Amino acid sequence: MRTSEKADALLALARLETQLAALRLRVMAAAEDVAADAGARDVAAWLTHQTHDSPQACRAEQHLAADLETRWTRLAAGVAAGAVNLAQARVIARALDELPGDLDPALLVQAEEHLVEAAKEYRPDQLRVLGRRILDVIAPEVGEAEEAKQLQREEERAWETASLTLTRRGDGTTRLSGVLPDATAVRLATYLDAFTSPRQHTTAMPQHRARGQAFCALLEHLDPAKLPAHGGDATTVMVVIDHESLTKDLATAGLVGTDDKITACEARRLACTAQIVPVVLGGKSEILDLGRTRRLFSRAQHKAMRLRDKRCRADGCTIPSTWTEAHHWKPWSKGGETNLADGVLLCSHHHHRAHDPRYSVERIPNGDIRFHRRN
């Protein structure tokens, strides 16, 4: 076949497939007796059993078949002619279903005709946008008010259906999944992208991994004093570790109120900037020191370090100082002090490296920190 013949064949086959699907929908709309003879709940249930197709797909086709047969006859004619594919038909039918129930019938007909005609030029996703604003096209005087009502319904439904689940995977990670209102999701993405700093990162990293690390950093920057009271106190996380373990690289610490553990390196890193209360125990489990805010650099010290350092002080890193964390050059567990001379700004990535026992660090003459992977 010549190139032009292949092109013609592809378009003709696509049109034939749509016409065949339209015929199937017409038969489905008139096949209640088939389901009744087999004792099935409905045609969709019968078809799912006979064809082993997806129940959701068969159910959606049954709804569309009923709509085309009884309500949207102009749309049905477009599908039967092969001018409107099934994906477009679903979008148009839904857009028409969502129009006000008290809309003038003449306007309803006009909306259906306009969307069927638009299917000649627009993809399903584009038709979805047009469908939401169809009243602006055919009846501008009522379009804006109806759009506001529709948006209000969507926002209320989004808030009511918002969910978040945390599922332990058993390998040191937890799967986070959920559904958020669009406005909340946009705000979260904006915050996470500020942490990932795509304009500044020089190393390539998939966006989903960068945002995962940014989410961890975002939580560490929350001020517990501004969170709701929890257990009689501002929400706080306490890390319990004995003094001997605190000075070792290979040791663990416990999180109060759970059975979870973290490494001593992670406990030392969290104590630098996050609002974490470290509880240091002596040999008989007596509390030697209950970490206080003096272990954390003050806001004034942060500002001074930002003016001084300008950026993350890891050698070659260009992350600006506004997106960095204060790190004790000499760990407080080994006598380090919370002062400007002992403080250095590091981005989240290099702050983790500074507390990773797999790396050694040195301060080079210009004050930057250079990392070396240990053998």
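A brief structural summary. No experiment lies behind these values; they were computed from the predicted model shown.

### A few points about the overall build of the chain
No. 1: Looking only at helices and strands, one finds 16 helices and 13 strands in the chain.
No. 2: Expressed as a percentage of its 375 residues, the buried residues of the chain come to 34%.
No. 3: Long-range pairs, those at least 24 residues apart, make up 49% of the contacts in the chain between residues at least 6 apart in sequence.
No. 4: Carbon and sulfur atoms make up 55% of the accessible area of the chain, which amounts to about 23,500 Å² in all.

### Describing the pattern of salt bridges
Working definition: two side chains of opposite charge can pair if their charged atoms are close together.
No. 1: Applying the stated criterion across every chain, the model contains 16 salt bridges.
No. 2: Two residues, Asp 125 and Arg 123, come together in a salt bridge whose shortest N-O distance is 3.1 Å.
No. 3: Taking the shortest distance from any N to any O, the salt bridge between Arg 311 and Asp 368 comes out at 2.7 Å. Separated by 57 residues along the polypeptide, Arg 311 in the loop between helix H15 (299-309) and strand S10 (325-328) and Asp 368 in the loop between strand S12 (359-363) and strand S13 (369-373) bring together distant segments of the chain.
No. 4: Taken together, the shared-partner salt bridges connect Arg 308, Asp 309, Arg 311, Arg 313 and Asp 368 into one network.

### Concerning the packing of helix H3 (residues 43-51) against helix H4 (residues 55-70)
No. 1: With their axes 9 Å apart at the nearest point, H3 and H4 run at an angle of 140° to one another. Regarding the angle of H3 to H4, the classification is oblique. For the pair H3 and H4, the sense of crossing is right-handed. Mapping the contact onto sequence places Val 43, Ala 44, Leu 47 and Thr 48 in H3 and Pro 55, Cys 58, Arg 59 and Gln 62 in H4.
No. 2: Classifying every residue of the contact of H3 with H4 by side-chain character gives five nonpolar, two polar and one charged.

### Details of the pairing of strand S11 (residues 343-346)
No. 1: Burial of the side chains of S11 extends over both faces: Gly 343 and Leu 345 are buried on one face and Val 344 and Leu 346 on the other.
No. 2: Note: S10 against S11, four bridges, orientation antiparallel. From the neighbouring strand, Glu 325 faces S11, where its bridge partner is Leu 346.

### Comments concerning the environment of Leu 127
No. 1: The topology assignment puts Leu 127 in helix H8 (residues 124-132).
No. 2: For Leu 127, a relative accessible area of 1% corresponds to the buried category.
No. 3: The spacing of Leu 127 and Ala 95 is 32 residues in sequence and 8.9 Å in space, taken between C-alpha atoms.

### Re the side chain of Glu 112
No. 1: If you trace the backbone, Glu 112 turns up in helix H7 (residues 105-118).
No. 2: Aside from chain neighbours lying at most four places away, what touches Glu 112 is Trp 72, Thr 73, Arg 74, Leu 75 and Leu 96.

### Side note on the state of the cysteines
No. 1: Inspection of every chain in the model, using the stated rule, returns zero disulfides.
No. 2: In this model Cys 347 remains outside any disulfide bridge; the closest cysteine sulfur is found in Cys 312, 3.8 Å from its own.

### Brief notes about a positive patch on the surface
No. 1: Taken together, Lys 226, Arg 299, Lys 303 and Arg 306 make up a surface patch of like positive charges.
No. 2: If you trace the backbone, Lys 303 turns up in helix H15.
No. 3: Since its relative accessible area comes to 55%, Lys 303 is described here as exposed.

### Re unusual backbone geometry
One can expect most non-glycine residues to show negative phi and most peptide bonds to be in trans.
No. 1: Unusually for a residue other than glycine, His 52 sits at a positive phi of about 60°.
No. 2: Position of His 52 among the secondary structure elements: in the loop between H3 and H4.
No. 3: Despite not being glycine, Lys 310 has its phi angle at roughly 70°, a positive value.
No. 4: Along the polypeptide, Lys 310 turns up in the loop between H15 and S10.

### Concerning the environment of Arg 374
No. 1: Along the chain, Arg 374 turns up in the segment after S13.
No. 2: Not counting residues within four places of it along the chain, the set of residues in contact with Arg 374 comprises Pro 357, Arg 358, Tyr 359 and Ser 360.

### Describing helix H12 (residues 207-220)
No. 1: In this model H12 runs 20 Å from its N-terminal to its C-terminal C-alpha over 14 residues, within 8% of the 20 Å that 1.5 Å per residue would give.
No. 2: Buried residues of H12: Ala 210, Ala 214, Ala 217, Leu 218 and Glu 220, and no others. For H12, the angular spread of buried residues about the axis comes to 150°, placing them on one side. Within H12, the exposed residues directed more than 90 degrees away from the buried face are His 208 and Arg 209.

### Here's the deal with the packing of aromatic side chains
No. 1: One pass over the structure, following the stated rule, counts zero aromatic pairs.
No. 2: Across the ring face of Trp 329, the terminal group of Arg 363 is positioned such that the distance to the ring centre comes to 5.2 Å.

### Quick word on the nonpolar core
No. 1: In this structure, Leu 75, Val 84 and Ile 92 are the most contacted members of the largest nonpolar core, which totals 39 residues.
No. 2: In terms of residues, this core owes the most to one element, helix H6 (residues 86-97), which gives seven residues.
No. 3: Non-local contacts of Val 84, meaning those with residues more than four positions away in its chain, are made with Thr 18, Leu 75, Gly 78, Val 79, Ala 89, Ile 92, Val 116 and Ala 119.
No. 4: Formed by 10 residues, the second largest nonpolar core is a distinct cluster that contains Cys 312, Tyr 359, Ile 369 and Phe 371.

### Section: helix H11 (residues 182-196)
No. 1: If you check H11, its first and last C-alpha atoms are 21 Å apart, about what 15 residues at 1.5 Å a residue would give, namely 21 Å.
No. 2: Listed as buried for H11 are Ala 189, Leu 192 and Thr 196. Along H11, the residues classed as buried sweep out an arc of 70° about the axis, all on the same side. Every exposed residue of H11 that faces more than 90 degrees away from the buried side is listed here: Ala 183 and Val 186.
No. 3: Elements in contact with the buried residues of H11: H12.

Reading guide: rules and limits
- Residues numbered from 1 in each chain as written.
- Predicted model: local features only at pLDDT ≥ 70, side-chain atom pairs only at ≥ 80, totals over all residues.
- Heavy atoms only, no water.
- Helix = DSSP H or I, 4+ residues; strand = E, 2+ residues; numbered from the N terminus.
- Buried < 20%, exposed > 50% of the residue type's maximum accessible area, 1.4 Å probe, protein only.
- Contact = heavy atoms within 4.5 Å.
- Areas by Shrake-Rupley, 256 points an atom, 1.4 Å probe, with all protein chains shown as cover.
- Salt bridge = Lys/Arg side-chain N within 4 Å of Asp/Glu carboxyl O.
- Axes fitted to C-alpha atoms, helices over the stretch in contact; angles between N-to-C directions.
- Parallel < 35°, antiparallel > 145°, perpendicular 65-115°, else oblique.
- Left-handed = near helix turned anticlockwise from the far one by under 90°.
- Nonpolar A, V, L, I, M, F, W, Y, C, P; charged D, E, K, R; others polar.
- Pairing = 2+ DSSP bridges.
- Disulfide = S-S within 2.5 Å.
- Patch = residues over 30% accessible without salt bridge, like charges linked within 9 Å, V, L, I, M, F, W, Y side chains within 5 Å.
- Lys, Arg positive; Asp, Glu negative; His and termini not counted.
- Charge placed at Lys NZ, Arg CZ, Asp CG, Glu CD.
- Expected span 1.5 Å × (residues − 1).
- Arc of directions from axis to C-beta.
- Phe/Tyr/Trp six-rings, centres within 6.5 Å; stacked < 30°, edge-to-face > 60°.
- Lys NZ or Arg CZ within 6 Å of the ring centre and 35° of its normal.
- Core = buried A, V, L, I, M, F, W, Y, C linked by side-chain atoms within 4.5 Å.

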